[in-house]
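The lines below spell out each chain.
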Amino acid sequence: MANTDNPFLGYSGRIDTKDGVYSQSEVGLANRNSGNLLETLALDITPTGLHYLLIHFDVPLIDAGAHRLGFSGAFDAPFELGLDEIKALPQVTLPVTLECAGNGRSGISPRAHSMPWLYEAVGTSEWTGTPLRPLIERARPRADVVDIAFFGADYGFDKGVGHCFGRSLTLEQIADLDVMLVHSMNGQPLLPQHGAPLRLIVPGWYGMASVKWLGRIEALTQPFDGFQQVQTYRFRDSDTDPGRPVTTMRVKSLMVPPGVPDWGTRKRYLEPGPVTLVGRAWSGGGVPVTRVEVELDGVWREARLEQQTGRHAWTKWSCDWLASPGDHVLRCRATDANGAVQPLDPPWDVAGFANNAAQKVHVFVAEG
Ligand SMILES: Nc1nc2c(c(=O)[nH]1)N[C@H]1C(S)=C(S)[C@@H](COP(=O)(O)O)O[C@H]1N2
Ligand SMILES: [Mo]
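Conventions and cut-offs
- Residues numbered from 1 in each chain as written.
- Chains lettered and ligands numbered in written order.
- Predicted model: local features only at pLDDT ≥ 70, side-chain atom pairs only at ≥ 80, totals over all residues.
- Heavy atoms only, no water.
- Helix = DSSP H or I, 4+ residues; strand = E, 2+ residues; numbered from the N terminus.
- Rg over C-alpha atoms; globule rule 2.2 N^0.38 Å.
- Buried < 20%, exposed > 50% of the residue type's maximum accessible area, 1.4 Å probe, protein only.
- Contact = heavy atoms within 4.5 Å.
- Near = heavy atom within 4 Å.
- Polar contact = N/O pair within 3.5 Å; in protein donor to acceptor, adjacent residues only side chain to side chain.
- Areas by Shrake-Rupley, 256 points an atom, 1.4 Å probe, with all protein chains shown as cover.
- Nonpolar A, V, L, I, M, F, W, Y, C, P; charged D, E, K, R; others polar.
- Core = buried A, V, L, I, M, F, W, Y, C linked by side-chain atoms within 4.5 Å.
- Domains from an automatic or database assignment.
- Pairing = 2+ DSSP bridges.
- 1 Å grid on protein atoms, 1.4 Å probe; cavity = no way out; pocket = protein on both sides within 12 Å on 5 of 7 lines; lining within 4 Å.
- Points joined across faces, edges and corners; volume = space filled by probe spheres on them.

Asker: Help me out: how do you make sense of the overall build of the protein in this one?
Answerer: Looking only at helices and strands, one finds five helices and 22 strands in the protein. By the compact-globule yardstick of 21 Å for 368 residues, the protein fits well, its C-alpha radius of gyration being 21 Å. Taking all 368 residues of the protein together, 52% fall into the buried category. Looking at the protein alone, contacts between residues at least 24 apart form 72% of all its contacts between residues at least 6 apart.

Printed below as a string of structure tokens:
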């Protein structure tokens, strides 16, 4: 798999940043990969143009009319499908909350040289497409198949390895996870940056599993060894740790920062008096959120939860606060039905994956 004839083999392009000032190349990543604006956490569905973006290489510009999805490898009945044929299959629409595994990375020290997310790499969309499982069954995986690999059309280099973005799932995972083959987002054809004309949605997992610009599905009789499967998206304690795969989203909550912001720092300004704080909470693997608490003036208060709009969609919460003059740091934390609670401090990971530490919002309340 390793491409030994490339200019990036001995040159990662990543300077050894640890803390503090960001490098030009990290600023470049931040400009390409935009985040959700936290004020849209007030909405069930993130406006399409404000859904976060994570694009490793370049956006491939694909002719939807000519695009074919191929099922190949160790299938007994390999076939191809055009977009019209996929749209003629049974259609489902599902609200799904997607979060990047790197969300929160910049809260971890020392940081990894990658996309420096704060809190904003999460959003919820209504995805329309067809369930993947019946199509895999139709292609008839051979008895010795261990992985199904999904390849995007985008090619590039990471750590000296040239590859198309690719990920895999086992047949059991495909059966368990409501995996969808998706052509529309919020009732409109996928935009180029979100994977047009076809992508995977793996509900309940971090976003890396939801392969965009999907062109090829391959049945493998050996475990998939693609770069994005084995060399990244693993929890590692140190650079020498072989690591454990990143899969389902950890329980997390965010609030809409109250009041109005200061342009340069995003700190908040508020008049004293009653305020209703609102936000969203979610967890992975279809596990519901059972509790959200908000820390107000040093006391953790119970937030109200609204009905979830779908098994894989986030839950709205709200909490009343009587804002008194002075400086405040507000925090929120969620608990899920498995009893997992958000930590107050970032969990350590070399690449800064899955930081679900409680959000902090600095608020200045004026004198009455
Ligand atoms: N082909 C391909 N698929 C991809 C990616 C990519 O770079 N190439 N990025 C992944 C990652 S890391 C995330 S978090 C989600 C982001 O999806 P979005 O940009 O539509 O929000 O897409 C995933 N699918
Ligand atoms: Mo991601």
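Asker: Teacher, can you tell me more about the site of ligand 1 here?
Answerer: Of all residues adjacent to ligand 1, which total 19 residues, the nearest are Y52, D154, H194, R199 and K212. In this structure, an oxygen atom belonging to ligand 1 sits 3.2 Å away from a side-chain N or O atom of H51. L54 is positioned such that a nitrogen or oxygen atom in its backbone is 3.1 Å from an oxygen atom of ligand 1. The fraction of the free accessible surface of ligand 1 (530 Å²) that becomes covered by protein chains is 100%. A per-class count over the shell around ligand 1 returns ten nonpolar, six polar and three charged.

Asker: Looking at this model, I keep getting lost on the side chain of S283. Mind explaining?
Answerer: Here S283 is to be found in the loop between strand 16 (273-282) and strand 17 (289-296). For S283, a relative accessible area of 12% gives the class buried. Apart from residues lying up to four places away in sequence, S283 is in contact with M249, R250, V251, V289 and D336.

Asker: How should I be thinking about the nonpolar core in this particular structure?
Answerer: Within soluble globular proteins, side chains that are nonpolar generally end up buried alongside one another. Among the nonpolar cores identified, the biggest contains 47 residues, and F71, L132, I148, F150, L181, L200 and I217 are the most heavily contacted of them. Elements supplying a minimum of two residues to this core: strand 1 (68-73), strand 2 (79-82), helix 2 (83-87), helix 3 (133-139), strand 5 (147-158), strand 6 (161-169), strand 10 (214-220) and strand 16. Taken domain by domain, the makeup of this core includes at least three residues from each of domain 1 (3-245) and domain 2 (252-365). In contact with L200, not counting residues within four places along its chain, are L132, F150, V179, M180, L181, A209, S210, V211 and L214.

Asker: Before we go on, may I ask you to explain the sheet that holds strand 13 (residues 252-255) in this structure?
Answerer: Sheets are built from strands that pair by backbone hydrogen bonding, the pairs being arranged parallel or antiparallel. With antiparallel pairing, the four strands of this open sheet are ordered in space as 13-16-20-19. The sheet is open, and its two edges are formed by strand 13 and strand 19 (304-305), each paired on a single side. Sheet topology places strand 16 next to strand 20 (residues 315-323); nine bridges connect them, and they run antiparallel. Paired with V275 across the strands is W321, a residue of strand 20.

Asker: Looking at this structure, I do not really get empty space enclosed by the protein. What am I missing?
Answerer: Once rolled over the atoms, a probe with the size of a water molecule shows which space is left empty. As enumerated under the stated definition, the model contains two cavities of 30 Å³ or more in all. By volume, the largest cavity is sized at about 240 Å³. L54, R199, G207, S210 and K212 are, among the 20 residues lining the largest cavity, the residues nearest its centre. Considering only residue class, the lining of the largest cavity consists of twelve nonpolar, five polar and three charged. Along the walls of the second largest cavity sit 14 residues, with S283, V287, Q308, R311 and A313 positioned nearest its centre. Classifying every residue of the lining of the second largest cavity gives seven nonpolar, six polar and one charged.

Asker: Explanation requested: unusual backbone geometry in the structure shown.
Answerer: With an omega of -5°, the peptide bond running from S109 to P110 counts as cis. With respect to the secondary-structure elements, P110 resides in the loop between strand 3 (92-99) and strand 4 (122-131). A cis amide bond, omega 5°, links A196 with the succeeding residue P197. Within the element layout of this structure, P197 appears in the loop between strand 8 (188-189) and strand 9 (199-201).

Asker: Even after reading the chapter, I still don't get the layout of surface pockets, so can you show me in this structure?
Answerer: Taken as a whole, the second largest pocket holds about 700 Å³ of empty space. As for the second largest pocket, its lining consists of 24 residues, of which L38, L118, Y119, E120 and R266 are closest to the centre. Per-element accounting of the lining of the second largest pocket gives the leading share, four residues, to strand 22 (residues 359-365). Across the lining of the second largest pocket, the residue classes tally to eleven nonpolar, seven polar and six charged. Formed jointly, the lining of the second largest pocket draws a minimum of three residues from each of two domains, domain 1 (3-245) and domain 2 (252-365).

Asker: Sorry if this is basic, but what is going on with the pairing of strand 2 here?
Answerer: On any regular strand, side chains alternate: one points to one face of the sheet, the next to the other face. Bridge count for strand 1 against strand 2 is four bridges, and the pairing is antiparallel. By the bridge assignment for strand 2, L69 is matched with L81. Between strand 1 and strand 2, which follow one another and run antiparallel, lie five residues.

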